[in-house]
Protein chains: 2
Amino acid sequence: MLAGLAGVAKTLGHPQRLEILEHLAQGERSVEAVAACVALSTANASQHLRLMRGAGLLTSWRDGKHILYGLSDPAVLNALAALSRVAERHSAEVREVIGSYLHVRDALEPVTRKELTRRLKGDLITVLDVRPADKYAAGHLPKAVNIPLRELARRLREIPRGGEIVAYCRGPYRVLAFEAVALLRTRGFKARRLKDGYPEWRAAGLPATSGTSPPASRHIQRAQ
Amino acid sequence: MLAGLAGVAKTLGHPQRLEILEHLAQGERSVEAVAACVALSTANASQHLRLMRGAGLLTSWRDGKHILYGLSDPAVLNALAALSRVAERHSAEVREVIGSYLHVRDALEPVTRKELTRRLKGDLITVLDVRPADKYAAGHLPKAVNIPLRELARRLREIPRGGEIVAYCRGPYRVLAFEAVALLRTRGFKARRLKDGYPEWRAAGLPATSGTSPPASRHIQRAQ
DNA sequence: CAATGATTCAATAGAGTCATTGAATGGAGA
DNA sequence: TCTCCATTCAATGACTCTATTGAATCATTG
C-alpha cells in the first residue's frame with residue numbers, strides 16, 4: 001500500500017532522474033538522446049530510465065532501431081509540480097531564515113515607533129524586549145516583556161500565540177531583535193522587529209517604564 | 001535547484017515516513033506518540049521526524065515536556081495525493097498485467113480442440129509447442145513448431161507476425177502455455193492457448209506427428 | 001536548584017543504491 | 001540470412017541510508 005507510494009517517491013528522489021523527466025516532459029526521446037541531454041553514460045541513462053519505467057513514471061516503445069521513452073501519464077507532471085511547490089515553499093523559508101541572519105534582514109519589515117505607539121492602544125500585540133535583564137530593569141518600553149535572546153527558545157510558551165509580536169533590542173542595527181524574529185517565525189509566531197532600539201525610543205521622548213521583569217513570568221504583558 | 005526537489009522526494013521515499021505523515025495529517029503528535037503509532041523505537045521515530053522537518057515537510061515546537069511535530073504546510077498533503085495518484089494508476093496497470101499471469105488466466109480465452117482443427121484447415125495460424133524438445137520429438141500436433149518456453153524470448157523472430165498463434169503444452173492446467181501466451185502478447189503477437197494439452201489431443205483421437213523440430217528452425221510451419 | 005524524563009546525539013553494522021565497466025542481447029536494415 | 005549497433009544486463013567498488021544501542025542534552029517540574 002504505502003510501499004508502492006514510497007517506491008514512486010524514492011524513484012523521484014534523484015536529481016538526474018528529475019532532469020530526465022523534465023526533458024521527457026517536452027517530448028519522447030531515445031536512450032541515447034536522453035544520455036546526451038543530461039550528460040550521462042548510455043548505460044547509466046538506461047538504468048535510470050528503466051527504473052522510472054518500473055515505477056510507472058515512463059513508458060517505452062520501439063521506433064526503428066531506437067527505443068523511445070516518454071511520460072506514462074500527465075499525472076506524473078502533476079506530482080512533480082506538487083512536489084516542487086513543497087520544495088519551493090520550504091526553500092523560500094530557508095532563504096528567509098538564512099537571509100534574515102545574513103543578507104535581507106531589512107526585508108522583514110520593521111515596525112516604526114509611530115506604528116507601534118498606535119497599535120499599542122488597540123491591537124492585540126506583545127512587545128518583546130530581548131536585551132539582558134539588567135538593561136531591561138534600567139528602563140524599557142511600556143508593557144514590554146523581557147526575555148533575553150539566549151533564553152528565548154526555551155521560554156517560547158510564555159509568549160501568546162495569535163497576537164503579533166514586536167521585538168526590540170538596543171539599537172537599530174543590532175542583531176538581537178533580528179535573531180528573535182527569525183526564531184519566532186520558525187516556530188509559527190507572527191513576529192516583527194521594532195525599527196529602532198530602546199535608545200531611539202527614549203530619544204524620541206516616548207513613554208518608558210523601569211523595573212524588573214515579572215519573576216518566572218507566566219503572566220504575559222499584553223497591550224489591551 | 002533540482003537537488004532540493006529530489007531531497008523532498010527522497011524524504012518521502014520511505015514507507016514508515018509516509019505512515020508518519022498520515023498520522024500527523026490528522027493532528028500534531030509528540031515524538032513518543034508517533035513512535036507508538038507506527039511501532040518504532042523512539043530514537044528511530046525522532047530521526048525520521050527530524051529528517052522530514054529538515055526537508056520542510058514538518059515543523060516542530062515544544063509543548064510542556066513534549067515536542068510536537070505537525071505538517072508544515074497543506075501543500076505537503078497535496079504532494080502526497082499527487083504521488084498516490086501516480087502510484088495508484090501504475091499499480092492498476094501492474095494488477096492488470098499480473099492478473100493476466102496469475103488470476104484471470106482463463107480470460108485469455110483458450111482455443112478448443114475443435115476450433116483449432118477447423119482453423120488449421122483455412123486460417124493463417126501458427127501452432128506453437130512450448131514443451132521440451134524431447135517431448136516434442138515423441139509426438140506433437142501436426143504442423144506445430146517447437147520452441148521450449150525458456151528459449152521463447154530469444155527466438156521470437158522465428159514466429160511470424162500477422163497470424164494468430166496457438167500455444168499448447170502438456171495438459172489443460174499447465175503453466176507453460178499461459179506463460180508463452182502472456183509473453184507473446186506483451187511483444188505484440190496475437191496469441192491464445194490451446195484449451196487442453198497434447199495428451200488430451202491424442203486421447204481425442206486427433207492426428208499427431210512425431211520427429212524432431214526443424215534444426216535451428218527458421219522455417220515456420222504454418223497452416224495454409 | 002536538583003531531579004526527572006522526553007528527546008536527541010553518536011556510533012555501529014548491515015542493507016541498499018549509484019556509477020562504471022565490459023559483455024550479451026536481439027531487433028532492424030540490407 | 002547476415003551484419004550492425006542501440007540497448008540492456010551483470011558485476012564491481014564506493015557511497016549512502018537504515019535501525020539499533022546506549023549515552024548525553026536540556027527544559028520542565030516540584
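Residues numbered from 1 in each chain as written. Chains lettered and ligands numbered in written order. Predicted model: local features only at pLDDT ≥ 70, side-chain atom pairs only at ≥ 80, totals over all residues. Heavy atoms only, no water.

Focus: the overall build of chain A
Where we set the bar: Segments assigned H or I by DSSP are reported as helices when at least four residues long, segments assigned E as strands when at least two residues long, and all are numbered from the N terminus. Burial classes: relative accessible area under 20% of the type maximum marks a residue as buried, over 50% as exposed, and values in between as partly exposed (1.4 Å probe, protein chains only). Working rule for contacts: check all heavy atoms of both residues, and any pair within 4.5 Å makes them a contact. Using a 1.4 Å probe, accessible areas were evaluated by the Shrake-Rupley method; residue-level cover was limited to the displayed protein chains.
Across its full length, chain A holds 10 helices and 7 strands. With 224 residues in all, chain A has 45% of them scored as buried. For chain A, contacts bridging at least 24 residues in sequence account for 63% of all contacts bridging at least 6. Element-wise, carbon and sulfur atoms account for 52% of the exposed surface of chain A, whose accessible area totals about 11,600 Å².

Observations regarding the side chain of Arg17 of chain B
Residues and elements named next belong to chain B. Let me state the cut-off plainly: In this tally, Asp and Glu contribute negative charge and Lys and Arg positive charge; neither His nor the terminal groups of the chain are included. For salt bridges, the criterion is a side-chain nitrogen of Lys or Arg within 4 Å of an Asp or Glu carboxyl oxygen.
Counting through the fold element by element, Arg17 comes out in helix H2 (residues 15-25). Here Arg17 occupies a buried position and makes no salt bridge, while the nearest side chain of opposite charge, Glu19, is found at 11 Å. Beyond its immediate sequence surroundings of up to four residues, Arg17 is in contact with Lys10, Thr11, His48, Leu51 and Met52.

Points about the protein's contact with DNA strand C
Put simply, the rule is: Here a residue is considered near a molecule or strand provided that any single heavy atom belonging to it is located within 4 Å of it. N or O atoms closer than or at 3.5 Å make up a polar contact, with two conditions inside protein: a donor-capable atom paired with an acceptor-capable one, and, for residues adjacent in sequence, both atoms drawn from side chains. Nonpolar residues are Ala, Val, Leu, Ile, Met, Phe, Trp, Tyr, Cys and Pro. Charged residues are Asp, Glu, Lys and Arg, and all others, Gly as well, are polar.
The environment of DNA strand C is formed by 24 residues, the closest being Gln47 and His48 of chain A together with Ser46, Arg50 and Tyr69 of chain B. Near-protein atoms of DNA strand C (within 4 Å) split between backbone and bases, with sugar and phosphate holding 82%. The contact in question runs from a base oxygen of DNA strand C to an N or O atom on the side chain of Gln47 of chain A, over 2.9 Å. Ile67 of chain B places a polar main-chain atom, nitrogen or oxygen, 3.1 Å from a phosphate oxygen of DNA strand C. Every element with two or more residues in the surface near DNA strand C is listed here: helix H2 (15-25) and helix H4 (42-54) of chain A together with helix H3 (31-38), helix H4 (42-54) and strand E3 (66-71) of chain B. Within the surface near DNA strand C, the residues separate by chemical class into 5 nonpolar, 10 polar and 9 charged.

Digging into the pattern of salt bridges
Residue and element names in this part refer to chain B. This model, assessed by the stated rule, comprises 3 salt bridges over all chains. For Arg131, the salt bridge is made with Asp129, and the minimal N-O distance between the two is 2.8 Å. Just as Arg131 is buried, Asp129 falls in that class too.

Looking at the sheet that holds E3 of chain B
All names here are of chain B. Threshold: The rule for pairing is simple: two strands pair if DSSP sees at least two bridges between them. Each axis is a line fitted through C-alpha atoms, taken for helices only over the stretch in contact, and angles between the N-to-C directions span 0 to 180 degrees.
The 3 strands lie next to each other as E1-E3-E2, forming an open sheet whose pairing is antiparallel. Among the strands making up the open sheet, the edge pair consists of strand E1 (29-30) and strand E2 (58-63). Pairing analysis gives 6 bridges linking E2 to E3, with the strands arranged antiparallel. Counted as the bridge partner of Trp61 is Leu68 from E3. Against the sheet, H4 makes contact with E2 and E3, and its axis sits at roughly 120° relative to E2, the strand it touches most.

What to know about the packing of aromatic side chains
What counts is decided by this rule: Two rings belonging to Phe, Tyr or Trp (six-membered ring only in the last case) form a pair when the distance between their centres is within 6.5 Å. Interplanar angles under 30 degrees mark stacking, angles over 60 mark edge-to-face geometry, and anything in between is tilted. As a reminder, the over-ring test applies to NZ of lysine and CZ of arginine, requiring each to be within 6 Å of the ring centre and within 35 degrees of the ring normal.
Tallied over the full model, the rule gives 1 aromatic pair over all chains. The ring of Tyr198 of chain B is capped by Arg131 of chain B, whose NZ or CZ atom sits 4.5 Å from the centre of that ring.

Quick word on unusual backbone geometry
Residue and element names in this part refer to chain A. Here Ala39, not a glycine, exhibits a phi torsion of approximately 60°, which is positive. Although it is not a glycine, Lys143 sits at a positive phi angle of roughly 65°. A relative accessible area of 41% means that Lys143 is categorised as partly exposed.

Regarding the pairing of strand E4 (residues 125-129) of chain B
Each regular strand displays side chains that alternate between the two surfaces of the sheet. Residues and elements named next belong to chain B. Summarising burial for E4: 5 of the 5 residues are buried, a large majority. Burial of E4 is two-sided: the residues Ile125, Val127 and Asp129 facing one way and the residues Thr126 and Leu128 facing the other way are all buried. The pairing of E4 with strand E6 (residues 164-168) spans 5 bridges and is parallel. If you follow Ile125 over to E6, its bridge partner there is Glu164. Here E4 pairs with strand E5 (residues 144-146) via 3 bridges, running parallel. The partner of Asp129 across the bridge, within E5, is Asn146.

Things to note about the sheet that holds E6 of chain B
Residue and element names in this part refer to chain B. Strand order in this open sheet of 4 strands is E5-E4-E6-E7, and the pairing throughout is parallel. At either margin of the open sheet sits one strand with a lone partner, and together these are E5 and strand E7 (190-193). When strand polarity is set aside, the average angle formed by the axes of neighbouring strands in this sheet is 30°.

Looking at the confidence of the model for chain A
Residue and element names in this part refer to chain A. We apply this condition: Scored from 0 to 100, pLDDT records how confident the predictor is in each individual residue.
Taken as a whole, chain A shows an average pLDDT of 76; of its residues, 75% reach a score of 70 or greater. Here residues 98-107 is modelled with pLDDT under 50, and outside its nearest four sequence neighbours on either side it reaches 15 contacts, counting other chains as well. This stretch, residues 214-224, has a pLDDT under 50; its non-local contacts, to residues over four places away or in other chains, come to 25 contacts.

Details of the interface of chain B and chain A
As a reminder of what qualifies: Two parts placed together each lose some accessible area; with a 1.4 Å probe, that loss summed over both constitutes the buried area.
Across the contact, 34 residues belong to chain B and 34 residues belong to chain A. At the boundary of chain B with chain A, total buried surface from both sides reaches about 2,900 Å², with 76% on carbon and sulfur atoms. For the pair chain B and chain A, the number of links is 1 salt bridge. Notably, a salt bridge pairs Arg89 of chain B with Asp73 of chain A, separated by 2.7 Å at the nearest N-O pair. In this assembly, chain B and chain A are joined by 3 residue pairs in polar contact (both at pLDDT 80 or more). Put simply, the parts of the chain that give the side of chain B that touches chain A at least two residues each are helix H1 (2-12), H2, E2 and helix H5 (74-102) of chain B. Looking at the side of chain B that touches chain A residue by residue, the classes come out as 19 nonpolar, 10 polar and 5 charged.

Re the protein's contact with DNA strand D
Close contacts around DNA strand D come from 25 residues, with Ser46, Arg50 and Tyr69 of chain A together with Arg17 and His48 of chain B the closest. At 2.7 Å, a side-chain N or O of Ser46 of chain A approaches a phosphate oxygen of DNA strand D. Contact distances for DNA strand D include 3.5 Å between a sugar or linking oxygen and a side-chain N or O atom of Asn44 of chain B. Residue assignment for the surface near DNA strand D shows that the elements contributing at least two residues are helix H3 (31-38), H4 and strand E3 (66-71) of chain A together with H2 and H4 of chain B. A per-class count over the surface near DNA strand D returns 5 nonpolar, 10 polar and 10 charged.

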